[in-house]
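Analysis of the macromolecular model
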Amino acid sequence: MRIPLRNQIAAVLVGILVLLVGCSNPVNVSSDSSESAGSSPGDSINDAPRVYAASAELGGFDYDSMPAVRVKLAFVDSNGEAMEGAVATLQTENKARVYRGRSNAEGVIESEVSLPSAPEDITLLVERPGFQSRRMVIEEMVRYETIDRRLEVRRTEGGVSAQRDVDGPASILSSADSDGDGVPDKLDDFPYDPERAFRSRVPAEGMITVAFEDLYPRYDPDDPRRFFDADFNDFVARYAIEEITNSEGELVELKGKVYATERLAAYDHLFGMLFRFEGHSAEVHIKGPDGRGFFGVQDYADVVLFESTRQFLSRGYRAGKPQTIPTSFTITFDAPVPRNYVTKAPYDPYIKVHNTGEYIHRIGMEPHPYAPPSEGDGWNYRHPTTGMPWVLIIPQEDWIYPDDQVFIEDVYPGFRYWRESFGEHYPDWYAYYKEDPVPPVITAIEPDPTTEGRVVWPDSETYELQLEEYDELAGELYYRAIETEDELPEWLDLDETEGTVTVEPEAEQYETAMVRFYSSYNENPDQDEESRSTIDFPLAVEFRVGATPDE
């Protein structure tokens, strides 16, 4: 299944007549008769937007297509008292669960979730017996480094909470708790097991694709592609991992499924996943076409999935024919482990190249415990000339890898813009394959602002929408505009073929209009074949005319 083609846009424009809308409070709250409507007096929102820049710690762009979002939720009742036992669920538009947790004695839930880089709205649902449930949409959640919110949850009359699903009738959230772990049976994935409460899947939907280049650390400074053709098909696999936690949010178990997808390399590899949990122990079970295994571990689990990719793929899982029987594994911790003690999603898949003895990991991962002492020293698993990774994580199950010796940017044109913008533009680069035209991103209005402060029209009357580079062969380009009241004000005009914005210089009173610009290749502004538009991620600009309220 192909994911919708979307383009993330964020531009920083300050000054004359142009203000980008910062999404400091990007919350839509949908409600019905059983849920609290709108925001409550006790609410506060301190979300921190994601900063798109090279990582000084990692020495450049980290090529992370499943970035982490820190989540801190605090729940209080109408008296401002901390609420223990509130269950918060984060889920996708398709209701696939991203996370579920329960507030502690201080009324707080703290965790971290990894989301696909292509922005998607995530729904937050808060439930507790005896209190009204709350449902709100966090728009494009992956655009934030931190979701930090204090939410008021109000008691219902009669001491029970009515919870209505958006697609179904209201129901009563019972306080029944068969295993006594503080989680109501209806919200407990393991209602009769006090050691387990919640399960969350990474990714929430589908599987992650991991793709390797295997000639690390060889390179030619005069010809970067000599040992690094960046086709990311030397070995390709897919995986998904389920995290099982207790009512305190501690990890109890990890369950993984892995499929071999492709091997277009002369070299042979061991493929595994490394999980670190210093100071803790666990038992590991592995089962797959190559056999079974069971062993105890301390501080880390080195889960070897395929001893030899060459031998494994020659046993009926030939190149071009993905593995159909999964290799599965379970890591059961001897005692619950705080989530931040364990390797974070999307975890640490790696290969050991048998021909060279080198271990290859994602950027930012520690060297393998058995790796040569010099491994990763000053490299951080990054090509020293291009800065590109030797491993790519792609949050798409059916990702099409490039043909042999075909540079990834030759078949995924959005990859370059994603790389050059440090992940800000075209975060869904993996959706644009070969002939799929990449919709141009509107990133600015010219002339550029030169003075900070609140200035009114008519200092300038004409502005031009500015684009990123785009494919002129894709079709005729149109510029569109969305305004909060579904139509542009009379004093503002947009030329849809030239991208010229004209503002009438006269206004009897101070007026403002928030306009969101996007681009498309289709004459119909409401329908765009194959989703070839940037309507989901418009450039937001505030126009002002007339005298300011202070004048």
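Residues numbered from 1 in each chain as written. Predicted model: local features only at pLDDT ≥ 70, side-chain atom pairs only at ≥ 80, totals over all residues. Heavy atoms only, no water.

1. Observations concerning the overall build of the protein
For clarity, the threshold we go by: Secondary structure elements follow DSSP: runs of H or I no shorter than four residues count as helices, runs of E no shorter than two count as strands, and numbering proceeds from the N terminus. Only protein chains enter the calculation, and the probe is 1.4 Å; a residue is then buried if its accessible area is under 20% of its type maximum, exposed if over 50%, and partly exposed in between. Contacts are residue-level and defined by heavy atoms, with any inter-residue pair within 4.5 Å sufficient. Note that accessible areas follow from Shrake-Rupley with a 1.4 Å probe, and for residues the cover is restricted to the protein chains shown.
Each helix and strand in the protein was counted, giving three helices and 29 strands. Across the 551 residues of the protein, 52% fall into the buried class. Within the protein, contacts between residues at least 6 apart in sequence are counted, and of these 69% link residues at least 24 apart. In the structure as shown, the protein presents an accessible area of about 24500 Å², 45% of it carried by carbon and sulfur atoms.

2. Considerations on the side chain of Asp179
Threshold: The charge count includes Lys and Arg as positive and Asp and Glu as negative, but it does not include His or the ends of the chains. The rule for a salt bridge is simple: a side-chain nitrogen of Lys or Arg has to be within 4 Å of a carboxyl oxygen of Asp or Glu. Contacts described as polar in this section are N or O atom pairs within 3.5 Å, which, within protein, must combine one atom able to donate a hydrogen with one able to accept it, while residues neighboring in sequence count only if both atoms come from side chains.
With respect to the helices and strands, Asp179 occurs in the loop between β12 (170-173) and β13 (198-202). For the buried Asp179, no salt bridge exists, and the shortest N-O distance to an oppositely charged side chain is 9.3 Å, to Arg102. Side-chain polar atoms of Asp179 contact the backbone nitrogen of Asp193, separated by 3.3 Å. Leaving out residues up to four positions away in the same chain, Asp179 has contacts with Asp188, Phe190, Pro191, Tyr192, Asp193, Pro194 and Arg196.

3. Overview of the packing of aromatic side chains
Operational definition: Ring geometry is summarised as follows: Phe, Tyr and Trp rings, the Trp one being its six-membered ring, pair when their centres sit within 6.5 Å, and such pairs are stacked at plane angles under 30 degrees, edge-to-face over 60 and tilted between the two.
What the rule picks out here adds up to 28 aromatic pairs. A ring pair is formed by Phe61 and Trp418, whose centres lie 5.0 Å apart and whose planes are at 80°; its orientation type is edge-to-face. One end of the pair, Phe61, is in the loop between β3 (48-49) and β4 (68-76); the other, Trp418, is in helix α3 (residues 414-420), with 357 residues separating them in the sequence. Residue Phe61 shares its accessibility class with Trp418, and that shared class is buried.

4. Here we look at the environment of Pro191
By secondary structure assignment, the location of Pro191 is in the loop between β12 and β13. Distance from Pro191 to Ala176, taken between C-alpha atoms, is 9.6 Å for residues 15 residues apart in sequence.

5. Side note on the sheet that holds strand β23 (residues 442-446)
Put simply, the rule is: Strand pairing is defined by DSSP finding a minimum of two bridges between the two strands. Fitting a line to C-alpha atoms yields each axis, with helices limited to the stretch in contact; the angle taken between N-to-C directions then spans 0 to 180 degrees.
Read across the open sheet, the four strands follow the order β23-β24-β27-β26; overall the sheet is antiparallel. If you trace the sheet from one side to the other, it starts and ends with β23 and β26 (492-495), each paired once. For this sheet, the mean inter-axis angle between neighbouring strands, taken without regard to orientation, is 25°. Alignment of β26 against strand β27 (residues 500-503), held across four bridges, turns out to be antiparallel. Across the sheet, the residue bridging to Leu492 is Val503, located in β27.

6. A short note on a negative patch on the surface
To keep things clear, this is the line we draw: Like-charged residues within 9 Å of one another, or nonpolar side chains (Val, Leu, Ile, Met, Phe, Trp, Tyr) within 5 Å, are grouped into patches, provided each residue has over 30% relative accessible area and no salt bridge. Every charge is mapped to an atom, namely NZ of Lys, CZ of Arg, CG of Asp or CD of Glu.
A contiguous patch of negative charge on the surface is contributed by Glu461, Asp493, Asp495, Glu498 and Glu504. Relative to the helices and strands, Asp493 is located in strand β26. Taking relative accessible area as the criterion, Asp493 reaches 46% and is therefore assigned partly exposed.

7. Describing the pairing of strand β15 (residues 235-245)
The two faces of the sheet receive side chains in turn, since in a regular strand these alternate between them. Summarising burial for β15: 10 of the 11 residues are buried, a large majority. Pairing of β13 with β15, which is carried by five bridges, proceeds in the antiparallel orientation. By the bridge assignment for β15, Ser200 is matched with Glu243. Pairing analysis gives five bridges linking strand β14 (residues 208-212) to β15, with the strands arranged antiparallel. Bridge pairing in β15 places Ile208 opposite Tyr239. Two elements, β15 and strand β16 (residues 251-262), share 10 bridges in a ladder whose sense is antiparallel. Across the sheet, Tyr239 pairs through a bridge with Val258, a residue of β16. The hairpin formed by β15 and β16 contains five residues between the paired strands, and Gly249 there has a positive phi angle of roughly 85°.

8. Quick word on unusual backbone geometry
Omega for the peptide link from Val202 to Pro203 comes to 0°, which places this bond in the cis form. Locating Pro203 in the fold gives a position in the loop between β13 and β14. Here Ala345 and Pro346 are connected by a cis peptide whose omega angle stands at 5°. Topologically, Pro346 is positioned in the loop between β19 (327-337) and β20 (349-353). Of note in the backbone geometry, Tyr63 takes a positive phi value of approximately 55° without being a glycine. Here Tyr63 lies in the loop between β3 and β4.

9. Some words on the pattern of salt bridges
Considering all chains together, one arrives at 20 salt bridges under this definition. For the salt bridge of Glu145 with Arg50, the shortest nitrogen-to-oxygen distance reads 3.5 Å. Of this pair, Glu145 sits in strand β10 (residues 144-152) while Arg50 sits in the loop between β3 and β4, placing them 95 residues apart in sequence. Look at Arg50 and you get buried, because its relative accessible area is 15%. Among the ionic pairs, Arg70 bridges to Glu110, the shortest N-O distance being 2.7 Å. Separated by 40 residues along the polypeptide, Arg70 in strand β4 and Glu110 in strand β7 (residues 108-114) bring together distant segments of the chain. For Glu110, a relative accessible area of 49% corresponds to the partly exposed category. One salt-bridge network, held together by shared partners, links Asp193, Arg196, Glu253 and Lys255.

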